[in-house]
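Spelled out from the first residue to the last, the chains are:
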Amino acid sequence: MKERIIFRGWLLVLLMLFAGCQPSSQNSMKLFYQANTVYKSGDYDGALKLYQGIIETGFVSAAVYYNMGNCYIKKNDLGRAILWYERALRINPRDGDLLANWKYAKSRMKNPEVFEKKNFAERLFYLPGITDDEIFIILCLVLSGISALVLIGLYLQWRFQKTFFFIAILSVFFIFHVFSFCNKLGTYDNQAVVLSTAEVKYEPEENATTYFTAYEGWKVRFLKESSGWVKIQRPDGLTGWLPRDLVDRI
Amino acid sequence: MRKIRSILVSAIFVLAACAATFAEDISFKAEVDSNQVTLGNSTHLILTVNGAKKVDQIPLPSIEGMDSRYLGPQTQVSIVNGNYSSTKSFIYVLFSNKAGKFTVPAIAVTIDGKEYKSDPIEIMVEDAPAPAPPSEAKTSGAPSSVSLQDKIMLTLEAPKSEIYMHEQIPINIKLYFGGVNISDVQFPSFDTTGLTKTDFGEPEQTQQVLNGMGFNVVHFKTLISSTRAGELILGPAQLQANILYKNQNQGGGAQNIFGTDIFDNFLTSYERRPFTVNSQQIKINVLPLPDEGKPGSFSGAVGKYDFDVTATPVEVKVGDPITLRMKVTGDGDLKTITMPVFTDASFKTYDPQIKDEGNAKISEQVVIPTSTDVKEVPAVSFSYFDTESKQYKTITKGPFAVTVTAPNPGEEFKAVGFDSANPSVTAKEEVGKDIVFIKEHLDDLKPKGYPIYKTWEFWLAVSIYIILWSVFFSIYLIRKKLKTDTRFARKFKAPRQVRQGLDTAKAYMLDNNTKEFYSILVKTLTEYIGNQFHVPSGGLSYDTVYPLLKNKGVDEEALESIKSIFESADMVRFASLRPDEKNMKNDFDRLKTVIERLEKSL
């Protein structure tokens, strides 16, 4: 009797989840196909509105971000195109079409950033084409491997030195990658793209002295925001203020 | 002496202040710089409170035909002949939007619990003289416009109300303004959903007379084409600019004295106010392109076009290039048309180079005759939909006669992809560069901000792994302790040995083997107690187990049962008594109960 009540309870929860998720997902699919039709008719603004509608339903998709990037390329809005391609790359960094269009957009930049720097951990453990989820899974597997090795060593009565050698190698690998991963996640929220070419000022004021020019498509660090202005940092360390509507987080 | 003087000065100030408190008399009035204002100009409204110590800003009621903006307060304090007076003024600027007679209503203000009211003020707003050519102004009749909206207008004009899909039509947006000064005019904007639009060109400015009023007209021109069939609602177009309101009072003094506007120009100040003007909407019916009579070579050109083709040179050797130059001119959207591409088996062809030159689209394609049998370059056709005649038209140019001669020895034609046994690449292939087409399937949709560590599958896998690891590790620890800790090992094994002993005893009981039954019964009991207390079980008797169990707090009832089991066993072993089946069953149950009790106590 008790089991039956528990079973019915689980069934109800599953039905609620199904009822809650399914219509939004179907609606997103419908919007996606509508947007593609509008895109093919050449109405890129209309397509963008529909793609935006999918994002507003609370879903993300590399395909939607990619198509939005294409719309902006067609509209000649290079900064926003690069922004959406970068967002798509975070979800699906190995997609060939996406990489091709991202490179195409970058090649059209009038002033590509030439001073991109990676820190020590990024350079040592830079894993291109791997998503955060995949890195997380790899790290979990490594940790599982280390703990399993400990267990096997105990059962098979390995000599302490032999066990320690393997565990030490895996632990070093694990610790460095955890460090690298945390560093990557830490900088993720602060990455932004310059949407259109603008003068970067010393102070958050229209009349302030210009420090340097930020070109559309540049990838910069988003440091802080103050009354309609954003403090950005170039990869080579120069910082300055840009109007908020000219820069957006990836 | 100096001290006396300072005391006297202080006394005078104190007396003056005292006098001032008695001299204050509160009054309130409203006044304007000028009661006569020209439409498009502004005047100041000053609300003055005299004698009050503290007055907050006085709000202004809405005034018909005028907009207002608060400029700020002004305070004056004066002591004349010992009379202290303080005046606080609140200054508003009034912008005239309409010609006519308007009234600033009586304004009430409460100071120290008493209400004061100003007198109503009448303001005459006169229509501004329009800069119209006198001759035209007279013929067009007297102006009837009296509002600012009639002096600034935006119109949206399209040459036709019915067009075909992809047909390009000019759109003219006109900004009319007369009798007002405007600045910072922005380009107009309108919703471009379902259509393509070119950028606005440099605006043109003309003058026009409407209803007897002269207007400056700014023309913004663009081209649009619809990408969808059906009803297209164009507009409203929206334009933003600033109106410059001339302050009516400024420079007025100079004009009165000198009777001239020269100083007026120097002294006049302007107030900028942003405004937005909207045009009307236009309904355009967009027809789909008919399927009937659509030629095979039609590739989307809509409008009126001309097509020309030249082939040069006309005398070549086999392997020499001939350039086919195709030129399309017309009033349609040249950017969207696809140029014809020449293909023929007798020629090696290359991808054309396409460029835009003004209102022409030019394609240059290199073709190479592959044999001396070639006598002509075949005709090339270009099809378009003519929106005037409402039918498809095809313009064909050619064929172009050419003379192809054999190459000199050693200059044989070696085109890539032909029947040469040893092909050599003579020209580097130029490949196009553009974006890859959009994704047509949505197969990676997932909730936003949902990393893997937030999924239940991940935590299920982690939990299973942790449980398994803990189980195996616990087994390892138990096995290790069983090997090294005898006391633990005996205690650990005790329940299992009891179960085995009871099973064997039961079997003997069923066989009615009394001797073996009691032997196993006692052995099970003594082994269990020996394991629990880590003492040798061989020599245990009731006398030896009693103090052990008593110390552990085992109750008397259990001790009595143990004693009974030992006595029954001794009777069988030493007195050769044969208890009946019932007694054996009782002793068996007694042992089971005792061990259950000992499990709880020990």
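Coordinates for the structure precede this section.
Residue positions are given per chain, counting from 1 as you read along its sequence in written order. The lettering of chains begins at A and the numbering of ligands begins at 1, in the order of writing. Only residues with pLDDT of 70 or above have their local features reported here, since the model is predicted, and side-chain atom pairs are shown and tallied only from 80 upward, although totals for entire chains, interfaces and linings are computed over all residues. The basis for the side-chain values is all heavy atoms of the structure; hydrogens and waters are excluded.

*Asks:* Help me get a handle on the overall build of chain A, residues and values and all.
*Replies:* Of the regular secondary structure elements, chain A holds eight helices and eight strands. Buried, partly exposed and exposed residues are distinguished by accessible area as a fraction of the type maximum, computed with a 1.4 Å probe on protein chains only: under 20%, between the cut-offs, and over 50%, respectively. Going through the 250 residues of chain A one by one, you find that 40% of them count as buried. Pairs of residues are marked as contacts when any of their non-hydrogen atoms sit within 4.5 Å. Excluding contacts between residues fewer than 6 apart, the proportion of contacts in chain A whose partners are at least 24 apart in sequence is 56%. Of the roughly 14,000 Å² that chain A leaves accessible, carbon and sulfur atoms contribute 61%. Runs of E in the DSSP output that reach at least two residues are strands. Runs of H or I that reach at least four are helices, and both are numbered from the N terminus. Each accessible area value is a Shrake-Rupley result obtained with a 1.4 Å probe; residue values ignore everything except the protein chains displayed when judging cover.

*Asks:* Could you give an account of the overall build of chain B, naming the residues involved and the relevant values?
*Replies:* For chain B, the helix and strand inventory stands at 10 helices and 33 strands. The proportion of buried residues among the 602 residues of chain B is 37%. Across chain B, contacts joining residues at least 24 apart in sequence account for 69% of those joining residues at least 6 apart. A total accessible area of about 35,200 Å² is found for chain B, and carbon and sulfur atoms account for 52% of it.

*Asks:* Let's hear about the environment of B:P579: which residues, and what values?
*Replies:* Residue and element names in this part refer to chain B. Relative to the helices and strands, P579 is located in the loop between α9 (556–575) and α10 (581–601). Taking the C-alpha atoms as reference points, P579 and T514, separated by 65 residues in sequence, lie 7.3 Å from one another. Aside from chain neighbours lying at most four places away, what touches P579 is T514, Y518, V572 and M584.

*Asks:* Describe the environment of B:T110, with residues and values.
*Replies:* Residue and element names in this part refer to chain B. Inspection of the secondary structure assignment puts T110 in strand β7 (residues 108–111). Judged by its relative accessible area of 53%, T110 falls in the exposed class. Between the C-alpha atom of T110 and that of D56, which follows or precedes it by 54 residues, the distance is 9.9 Å.

*Asks:* Would you mind going over the sheet that holds strand β11 (residues 162–164) of chain B in detail, with residue names and values included?
*Replies:* All names here are of chain B. Pairing between two strands requires that DSSP report at least two bridges joining them. Reading across the sheet, the three strands line up as β11-β20-β17 and stay open at both edges, with mixed pairing between neighbours. Taken across any chain shown, the strands that pair with only one partner, and hence form the sheet edges, are β11 and β17 (230–234). The sheet shows a mean angle of 35° between the axes of neighbouring strands, direction not considered. Alignment of β17 against strand β20 (residues 282–287), held across five bridges, turns out to be antiparallel. Each residue of the ladder has a partner; that of I233, found in β20, is K283. Axis definition: a line fitted to C-alpha atoms, over the contacting stretch in the case of helices. Angles run 0 to 180 degrees between N-to-C directions.

*Asks:* How would you summarise the interface of chain B and chain A if you had to cite specific residues and measurements?
*Replies:* Much of the literature gives interface size as the accessible area that the parts lose upon coming together. In this assembly, 31 residues from chain B lie in contact with 45 residues from chain A. Once two parts are joined, some of their accessible surface, as seen by a 1.4 Å probe, is lost; buried area is that loss totalled over both. Interface area, chain B with chain A, both sides summed: about 3,600 Å², of which 63% is carbon and sulfur. On the chain B side of the interface with chain A, the three residues burying the most area are B:I435, B:K439 and B:L442, jointly 21% of the side's total. Any carboxyl oxygen of Asp or Glu within 4 Å of a side-chain nitrogen of Lys or Arg constitutes a salt bridge here. With its nearest N and O atoms 3.4 Å apart, the salt bridge here joins B:K439 to A:D97. Whenever a nitrogen or oxygen atom comes within 3.5 Å of another N or O atom, the pair is scored as a polar contact, on the condition that within protein one atom can donate a hydrogen and the other can accept it, and that pairs from neighbouring residues in sequence are kept only if both atoms are in side chains. At the surface where chain B touches chain A, the tally comes to 15 residue pairs in polar contact (both at pLDDT 80 or more). Where the side of chain B that touches chain A is concerned, the elements lending two or more residues are β33 (446–447) and α5 (456–484) of chain B.

*Asks:* If you had to explain the pairing of strand β26 (residues 353–357) of chain B to someone new, which residues and values would you point to?
*Replies:* Two elements, β26(B) and strand β27 (residues 360–369) of chain B, share five bridges in a ladder whose sense is antiparallel. Bridge assignment links B:K355 to a residue of β27(B), and that residue is B:I362.

*Asks:* Tell me what's going on with the pattern of salt bridges, and back it up with residues and numbers.
*Replies:* All names here are of chain B. Per the counting criterion, the structure on display carries 24 salt bridges over all chains. The shortest N-O distance in the salt bridge between E557 and R597 comes to 3.3 Å. Taken together, the positions of E557 in helix α9 and R597 in helix α10 put the pair 40 residues apart, joining distant regions of the chain. We classify E557 as exposed; its relative accessible area is 52%. Here R590 ties to D587 by a salt bridge, and the two come within 2.6 Å at their closest N and O atoms. Placement of the pair is R590 and D587 together in helix α10, with a separation of three residues, close to one helical turn.

*Asks:* Talk me through the packing of aromatic side chains; I want residue IDs and the actual numbers.
*Replies:* Pairs were defined over the aromatic rings of Phe, Tyr and Trp, the Trp ring being its six-membered one, requiring ring centres within 6.5 Å. Orientation was assigned from the angle between planes: stacked under 30 degrees, edge-to-face over 60, tilted for the rest. One pass over the structure, following the stated rule, counts 33 aromatic pairs over all chains. Seen in terms of ring centroids, B:Y164 and B:F385 are 4.6 Å apart; in terms of plane orientation they differ by 65°. Their pairing is edge-to-face. A residue pair is termed long-range when its members are at least 10 positions apart, and B:Y164 in strand β11 and B:F385 in strand β29 (residues 380–386) qualify at 221 residues. By the burial criterion, B:Y164 is buried, and B:F385 matches it. With 5.9 Å between their ring centres and 15° between their planes, B:F187 and B:F200 make a pair best called stacked. Pair noted here: B:F187 is in the loop between β13 (181–183) and β14 (195–197) and B:F200 is in the loop between β14 and β15 (204–210), with a separation of 13 residues, a long-range link. The class of B:F187 is partly exposed, set by a relative accessible area of 47%. Charges are assigned to positions over rings by a cutoff of 6 Å between ring centre and Lys NZ or Arg CZ, combined with an angular limit of 35 degrees from the ring normal. Sitting over the ring of A:W84, A:R87 keeps its end group 4.5 Å from the ring centre.

*Asks:* How would you sum up the sheet that holds strand β2 (residues 36–38) of chain B? Please name residues and give values.
*Replies:* All names here are of chain B. On the basis of which strands lie adjacent, the open sheet formed by three strands has the order β2-β9-β6 and mixed pairing. Since the sheet does not close on itself, it has two edges, and those belong to β2 and β6 (100–104), each with one partner. Direction aside, neighbouring strands of the sheet carry axes that sit 30° apart on average.

*Asks:* Give me the lowdown on a nonpolar patch on the surface, citing residues and values where you can.
*Replies:* A patch consists of residues whose relative accessible area exceeds 30% and which take part in no salt bridge; residues with like charges are grouped when within 9 Å of each other, and nonpolar side chains (Val, Leu, Ile, Met, Phe, Trp, Tyr) when within 5 Å. On the surface, B:W456, B:L460, B:I464, B:I467, B:L468, B:V471, B:F472 and B:I475 cluster together into a nonpolar patch covering about 780 Å² of accessible area. Since its relative accessible area comes to 60%, B:W456 is described here as exposed.

*Asks:* I'd love a proper account of the packing of helix α6 (residues 486–511) of chain B against helix α7 (residues 514–533) of chain B, names of residues and values included.
*Replies:* Residue and element names in this part refer to chain B. The contact between α6 and α7 brings their axes to 8 Å, and the two run at 170°. The angle between the axes of α6 and α7 places the two elements in the roughly antiparallel class. Contacts between α6 and α7 involve R487, R490, K491, A494, Q497, V498, G501, L502, T504, A505, Y508 and M509 from the former and E516, F517, I520, L521, T524, E527, Y528, G530, N531, Q532 and F533 from the latter. Considered class by class, the residues forming the contact of α6 with α7 number 11 nonpolar, seven polar and five charged. Should an angle fall under 35 degrees it is called roughly parallel, over 145 degrees roughly antiparallel, and 65 to 115 degrees roughly perpendicular, with every other angle called oblique. For this classification, the nonpolar set comprises Ala, Val, Leu, Ile, Met, Phe, Trp, Tyr, Cys and Pro, the charged set comprises Asp, Glu, Lys and Arg, and every other residue, Gly included, is treated as polar.

*Asks:* I'd like a rundown of helix α5 (residues 96–107) of chain A, residues and numbers included.
*Replies:* Residues and elements named next belong to chain A. With 12 residues, α5 should cover 16 Å at 1.5 Å per step; its first-to-last C-alpha distance of 16 Å lies within 8% of that length. Elements that come into contact with the buried residues of α5 comprise α3 (62–74) and α4 (78–91). Looking at where α5 begins, the residue whose side-chain oxygen comes 3.1 Å from the main-chain nitrogen of D97 is D95. Under the convention used throughout, the expected extent of a helix is 1.5 Å for every residue step, that is, one less than its residue count.

Geometry only, nothing functional implied.
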